[in-house]
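This is what each chain is made of:
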Amino acid sequence: MIDLKRFEISGIAAGGDGVGRSDGLVVFTPRTAVGDIVDVMVTTQRRFARGIVRDIERPSPDRIEPACAHYTVDNCGGCQLQHMSYDAQLRAKGSIIADSLRRIGRRELDVPVVQPSDAQWRYRRKLTLHLRRVGSGWIAGLHPYDNPVAVFDLTDCPITEQRVLDVWRAMRGVFELLPSEPALRVAVRLLPAGAAVVVQGGSSWPDYKRFFAGVADITELWWKPEQGRTRLLSSRSGGSESGASFVQVNERVADALREFVLERVRTFSPAHVIDAYAGSGDTAIPLAREGSVTAIELDADAVAQFGPRMRAPSKAIAGRVEDHIERSLPADVVILNPPRTGVDERVARALQGASPRPRGIIYVSCDPGTLARDLARMPAYRLASVRAYDMFPQTAHVETVCELVPEAA
């Protein structure tokens, strides 16, 4: 049933939707700010409802004009909070973390202060777009937030570094040399010199050499076909800088977060550290100079890059954390930095049942919901501290660092 309702937005939910109440029912409404009084078309579901703004009766003091035309004209789903002032964005993210940890994680805490990004725009060093073939040409863009199947053609992305967009614009001239498929997914990531491009999709790519030659700023070209693993096709540097591996898109905030993690780990004066989901080894390598580190990372290419830089007895393991965590224990400190899906239940179970338990767990999360779920699985540890970082201004995403220590016996 769809009804027109008027109510005030009282909070911001994980994902960025505004939260209000109508007839006792929670209504999630995109593109709203705390303090908005809005007329909303409400679609009722079982225990909650979803809303579409029809009119803003009274705008919130937090509301501003979005800087990106795609945000309003195309309902771009890449950002969720451009209509809110930056201070309001930070407050909202702190509240999202606290609400998740209280409600799901069953941990009591004050609303954390979110450390701001020094760049609110042009900070992204990586941009992944969806490509769709239209007639004899292509469009390359993002999904509208209210239509996850559609793709609009992107002309600019103000949160992305200009150098990334320059590579995208150069690639448009050679789109006809991509794999002959109706849809592809393509990522551009900045490297110390040039950029890496990862193309996902297709079963055959006969023209990849011409594509690579056609864009001078591409340093590495990677391809992940429909069936098979990601592989390096061409490189101007003669090797690989792991351009297909995960990387933090906001380099300056990522550096500050990593330094904080290292600081917290060192307070325990650990003899042995497990760095789970070790990524490119940026945390494991400095810790390996000070003691023994077991770094576990699924990306075998990344492990091949950073593993040789770790001094014995430290070691790097290519594999799933849940397959190696138990045999890697005991450890004085365990660093968890999983993808958005959080840790596998077997990881939480191994840490919950460890004997002796780690003296500290440093959990770095990009999703408050899965973070809270994982903390609820480890009641043997109490929350010693929480710090948050705004890695992704204009979006609802936030990085959280939780320090856990064993509950007193």
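Below you will find a few notes about this structure. (Residues numbered from 1 in each chain as written. Predicted model: local features only at pLDDT ≥ 70, side-chain atom pairs only at ≥ 80, totals over all residues. Heavy atoms only, no water.)

1. Focus on helix H8 (residues 321-328)
Let me state the cut-off plainly: Residue burial is assigned from relative accessible area. The probe radius is 1.4 Å, only protein chains are included, and a residue is buried under 20% of its type maximum, exposed over 50%, and partly exposed in between. Helix numbers and strand numbers start at the N terminus; a helix is a DSSP run of H or I with at least 4 residues, a strand a run of E with at least 2. This arc describes the spread of directions from the helix axis toward the C-beta atoms. Here a residue-residue contact requires only that any non-hydrogen atoms of the pair lie within 4.5 Å.
Within H8, the full set of buried residues consists of Val321, Glu322, His324, Ile325 and Ser328. Along the long axis of H8, the arc covered by the buried residues comes to 170°, so they all point the same way. Facing away from the buried side of H8 by more than 90 degrees, the exposed set consists of Glu326 and Arg327. Tucked inside the fold, the buried residues of H8 contact strand E14 (272-276), strand E15 (292-297), strand E16 (315-318), strand E17 (333-336) and helix H9 (345-352).

2. Some thoughts on the environment of leucine 101
Examined against the element boundaries, leucine 101 turns out to sit in helix H2 (residues 86-103). Leucine 101 has contacts with Arg106, Arg107, Leu109, Leu371, Ala372, Leu375, Leu383, Val386 and Cys402, leaving out every residue within four places of it along the chain.

3. Brief notes about the nonpolar core
Applied cut-off: The criterion is simple. A nonpolar core is a set of buried Ala, Val, Leu, Ile, Met, Phe, Trp, Tyr and Cys residues joined through side-chain atoms within 4.5 Å.
Leu131, Trp168, Met171, Val197 and Phe211 are the most contacted members of the largest nonpolar core, which totals 68 residues. For tryptophan 168, the contacting residues outside a window of four places in its chain are Leu127, Leu129, Leu131, Ala140, Phe175, Val186 and Val188. Core analysis: the second largest hydrophobic core is formed by 35 residues, Ile97, Tyr277, Ala350 and Cys402 among them.

4. Some points on the layout of surface pockets
For clarity, the cut-off: Each cavity reported here is a set of points on a 1 Å grid over the protein atoms alone in which a 1.4 Å probe fits but cannot get out, each pocket an open set with protein on both sides within 12 Å along at least five of seven lines, and each lining residue one with an atom within 4 Å of a point. Grid points are joined across faces, edges and corners, and a volume is the space filled by probe spheres set on the points. Following the grouping adopted for this structure description, the nonpolar residues are Ala, Val, Leu, Ile, Met, Phe, Trp, Tyr, Cys and Pro, the charged ones are Asp, Glu, Lys and Arg, and the polar ones are all others, Gly among them.
By volume, the second largest pocket amounts to about 370 Å³. As for the second largest pocket, its lining consists of 17 residues, and the residues nearest its centre are Gly11, Ile12, Ala13, Ile96 and Asp99. Secondary-structure elements contributing two or more residues to the lining of the second largest pocket are strand E1 (2-12) and H2. The element contributing the most residues to the lining of the second largest pocket is H2, with 8 residues. Taken together, the residues of the lining of the second largest pocket break down into 9 nonpolar, 4 polar and 4 charged.

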